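# Results of the structural survey
Chain by chain, the residues:
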Amino acid sequence: MKGGLSLLTKLLTKDCIQLANFVRSWQEAIHLAASPLVQQHKIEQRYVEAMIRSIEHYGPYVVITPKVAIPHARPSDGVLELAISLLRLQKPVFFSPNQPVYLLIVLAAIDNASHLQVLADLALVLQEPDQIDDLIACQHADMIWEKIKQYTTKESTE
């Protein structure tokens, strides 16, 4: 990975990073977070609906760590290409009463394996609560992208 971009930073282009002050519901947050991928024809609108239905059916399993949710659905629900987008909220949206979410990272996988490297890269970004807070504090998409690039390309110090 030395010197190169991670798969996450290749897929999460700056035009797929959005910042918003607040949304009224987690459903609205998912619609907003996924909108760049719909506009770029990387996912179909039905994929957005499938993500919402899945959470309504299974509960807020997409909240993977405090302050972060990774909504997703099945590839067959309307994924056209491997893609990812990010929405940073100033005020949290609640997927359940005790689960405030500031970062929504929409993941669209085309199969059962191609997105695994993206998840590995995301794990580097989300493993430290301080890093999550740094992303939430960012005021521009460029800053978020640069931080993610920094977190996914830093050399291991062990």
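Report follows, based on the coordinates. Every value quoted in this text rests on a predicted model; they were computed, and no experiment measured them. (Residues numbered from 1 in each chain as written. Predicted model: local features only at pLDDT ≥ 70, side-chain atom pairs only at ≥ 80, totals over all residues. Heavy atoms only, no water.)

### Considering helix α6 (residues 141–153)
Since the α-helix turns once every 3.6 residues, residues separated by three or four places project in the same direction. As a reminder, the rule being used: Elements are defined by DSSP. Helices are runs of H or I of four residues or more, strands are runs of E of two residues or more, and each kind is numbered from the N terminus. Any helix carries an expected span of 1.5 Å times its number of residues minus one. Think of it in three bands: residues with accessible area under 20% of the maximum for their type are buried, residues over 50% are exposed, and the middle band is partly exposed, with areas taken using a 1.4 Å probe on protein chains only. It is the directions from the helix axis to the C-beta atoms whose arc is reported. In this description, contact between two residues means that some pair of their heavy atoms is separated by no more than 4.5 Å.
The terminal C-alpha atoms of α6 lie 18 Å apart, and with 13 residues this matches the ideal 18 Å at 1.5 Å per residue to within 8%. Buried within α6 are the following residues: Ala141, Ile144, Trp145, Ile148, Tyr151 and Thr152. Seen from one end, α6 has its buried residues packed into an arc of 130°, which puts them on one side. Along its buried surface, α6 packs onto α1 (7–11), β1 (17–20), β4 (83–94), α4 (116–126) and α5 (129–137).

### A look at the side chain of Ser54
Its location among the elements puts Ser54 in helix α3 (residues 45–58). When neighbours within four sequence positions are excluded, Ser54 is seen to be in contact with Gly59 and Tyr61.

### Here's the deal with the sheet that holds strand β5 (residues 100–108)
The criterion, for reference: Only strands joined by at least two bridges in the DSSP assignment are considered to pair. Angles shown run from 0 to 180 degrees and are taken between the N-to-C directions of axes, each axis being a line fitted to C-alpha atoms and, for helices, limited to the stretch in contact.
One open sheet holds the five strands; their spatial order is β1-β4-β5-β3-β2, and the pairing between them is mixed. Either end of the sheet is taken by a strand with one partner, and the two such strands are β1 and β2 (63–65). Geometrically, the sheet is characterised by an average inter-axis angle of 25° between neighbouring strands, direction not taken into account. Examined bridge by bridge, β2 and strand β3 (residues 67–69) share two bridges and lie antiparallel to one another. Paired with Val63 across the bridge in β3 is Ala69.

### Side note on the pattern of salt bridges
We apply this condition: Salt bridges, as used here, are contacts in which a Lys or Arg side-chain nitrogen is within 4 Å of a carboxyl oxygen on Asp or Glu.
Overall, the coordinates contain three salt bridges when judged by the stated rule. The salt bridge involving Glu28 is made with Arg24; its shortest N-O contact spans 3.6 Å. Residue Arg24 is classed as exposed on the basis of its relative accessible area, which comes to 70%. Measuring nitrogen to oxygen at the nearest pair gives 2.5 Å for the salt bridge that ties Arg46 to Glu44. Residue classification places Glu44 among the partly exposed residues on the basis of a relative accessible area of 29%.

### Considering the packing of α5 against α6
The following threshold applies: Throughout this description, any angle smaller than 35 degrees is read as roughly parallel, any larger than 145 degrees as roughly antiparallel, any in the 65 to 115 degree range as roughly perpendicular, and the remainder as oblique. With the far helix as reference, a near helix turned anticlockwise by less than a right angle produces a left-handed crossing, and one turned clockwise produces a right-handed crossing. The residue classification treats Ala, Val, Leu, Ile, Met, Phe, Trp, Tyr, Cys and Pro as nonpolar and Asp, Glu, Lys and Arg as charged. All others, Gly included, are polar.
Here α5 crosses α6 at 160°, and the two axes come no closer than 9 Å. For the element pair α5 / α6, the angle class is roughly antiparallel. Remark: the crossing between α5 and α6 carries right-handed chirality. Residues Gln131, Asp134 and Leu135 of α5 form the contact with α6, whose participating residues are Ile144, Lys147, Ile148 and Tyr151. Along the lines of polarity and charge, the residues of the contact of α5 with α6 split into four nonpolar, one polar and two charged.

### A look at the pairing of β5
Among the nine residues that make up β5, seven are buried, leaving the element largely enclosed by the rest of the structure. Pairing of β3 with β5 involves three bridges; the strand directions are parallel. Along β5, the bridge assignment pairs Ala69 with Leu104. Bridge analysis of β4 against β5 gives eight bridges, and the strand direction is antiparallel. When the bridges of β5 are listed, Ser85 appears paired with Val106. Once β4 ends, the chain turns through five residues before running back antiparallel as β5.

### As for the packing of aromatic side chains
Threshold: Stacked, edge-to-face and tilted labels apply to pairs of Phe, Tyr and Trp rings (six-membered ring for Trp) whose centres lie within 6.5 Å, assigned for plane angles under 30 degrees, over 60, and everything in between, in that order.
Within this structure, the stated rule accounts for two aromatic pairs. Taking the centre distance of 5.5 Å and the plane angle of 25° together, the rings of Trp26 and Phe95 count as stacked. Placement of the pair is Trp26 in helix α2 (residues 26–39) and Phe95 in the loop between β4 and β5, with a sequence separation of 69 residues. Considered together, Trp26 and Phe95 belong to a single accessibility category, that of buried residues.

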